Amino acid sequence: MKKLEDAGFLIARILMPVLFIVAGWGKITGYAGTQQYMEHMGVPGFFLPLTILLEFGGGLAILFGFLTRFTAIFTAVFTLITAFIFHINFSVDGNSINFMKNLSISGGYLLLFITGPGAYSIDRVLNKKW
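Description of the structure in this document. Computed from a prediction, not measured in an experiment: that's the story for all the values here.

To continue, consider helix α6 (residues 95–115). With 21 residues, α6 should reach 30 Å at 1.5 Å per residue; the first-to-last C-alpha distance of 30 Å fits that figure. For α6, the complete set of buried residues consists of Asn 95, Phe 99, Asn 102, Ile 105, Ser 106, Tyr 109 and Leu 112. Within α6, the buried residues cover an arc of 140 degrees as seen down the axis, which keeps them to one side. Opposite its buried face, α6 presents the exposed residues Ile 97, Ser 104, Leu 111 and Ile 114, each directed more than 90 degrees away. Where α6 is buried, its residues meet α1 (2–15), α2 (18–29), α4 (48–64) and α5 (68–86).

In structure tokens, the structure reads:
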């Protein structure tokens, strides 16, 4: 059963950050447009590098199981915050589903924060709980 659990953690860590890695890369390649959109939504553009760091860098960290608990809790909180900033207007098409998606993602990252990365991770190789 332990091997199945470890494989499950690895699969989850591969699947969970895909959205963040892709979104982070999109922000890197579309920096100016993303900054304009953030400012239009009332978020200062100087937060964009931190957003990229969390989405792209944090996504890669989760993928490889490095600083997993630390990154997972920040990602959970970040995703909740973005739900309330960018998806709270349910009269806009897609916002209600994106709001619920963010809640679900936050729940998954909270669970990853609690459980840790599993056996197949850099954290486990380094014997770190962070």
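Soluble globular proteins: nonpolar side chains tend toward being buried together. Listed in full, the nine residues of the largest apolar core are Phe 20, Leu 54, Ile 62, Ala 72, Ala 76, Phe 78, Ile 105, Tyr 109 and Leu 112. Of all the elements in the fold, those that place two or more residues in this core are α4, α5 and α6. Met 38, Val 43, Leu 48 and Ile 52 belong to the second-largest nonpolar core, a separate cluster that totals five residues.

With that settled, consider the pattern of salt bridges. Between side chains of opposite charge, pairing is possible as soon as their charged atoms come close. Across all of its chains, the model carries three salt bridges by this definition. We note a salt bridge from Glu 5 to Lys 2, for which the minimum N-O separation is 3.9 Å. Pair noted here: Glu 5 and Lys 2 are both in helix α1, with a separation of three residues, about one helical turn. In this structure, Asp 6 engages Lys 2 in a salt bridge whose closest nitrogen and oxygen atoms are separated by 3.1 Å. Taken as a pair, Asp 6 and Lys 2 lie in helix α1 at a separation of four residues, close to a single helical turn. Taking the relative accessible area as the measure of exposure, Asp 6 reaches 7% and is therefore buried. A network of salt bridges, in which partner residues are shared, links Lys 2, Glu 5 and Asp 6.

Conventions and cut-offs
Throughout this description, residue numbers start from 1 for each chain and increase along the sequence as written. Since the coordinates come from a predicted model, pLDDT governs what is reported: local features require at least 70, and pairs of side-chain atoms require 80 or more to be given and counted, while whole-chain, interface and lining totals use all residues. Water and hydrogen atoms were dropped before computing side-chain values, which therefore reflect all heavy atoms in the structure. The way it works is that DSSP assigns letters per residue, a run of H or I at least four long becomes a helix, a run of E at least two long becomes a strand, and they are numbered from the N terminus. To estimate how far a helix should extend, the number of its residues minus one is multiplied by 1.5 Å. Accessible area is worked out with a 1.4 Å probe on protein chains only. A residue is then buried under 20% of its type maximum, exposed over 50%, and partly exposed in between. Directions drawn from the helix axis to the C-beta atoms are what define this arc. Residue contacts are defined here by distance: any two heavy atoms, one from each residue, within 4.5 Å place the two residues in contact. Throughout this description, the term nonpolar core refers to a set of buried Ala, Val, Leu, Ile, Met, Phe, Trp, Tyr and Cys residues connected via side-chain atoms within 4.5 Å. Criterion for a salt bridge: a side-chain nitrogen of Lys or Arg within 4 Å of a carboxyl oxygen of Asp or Glu.

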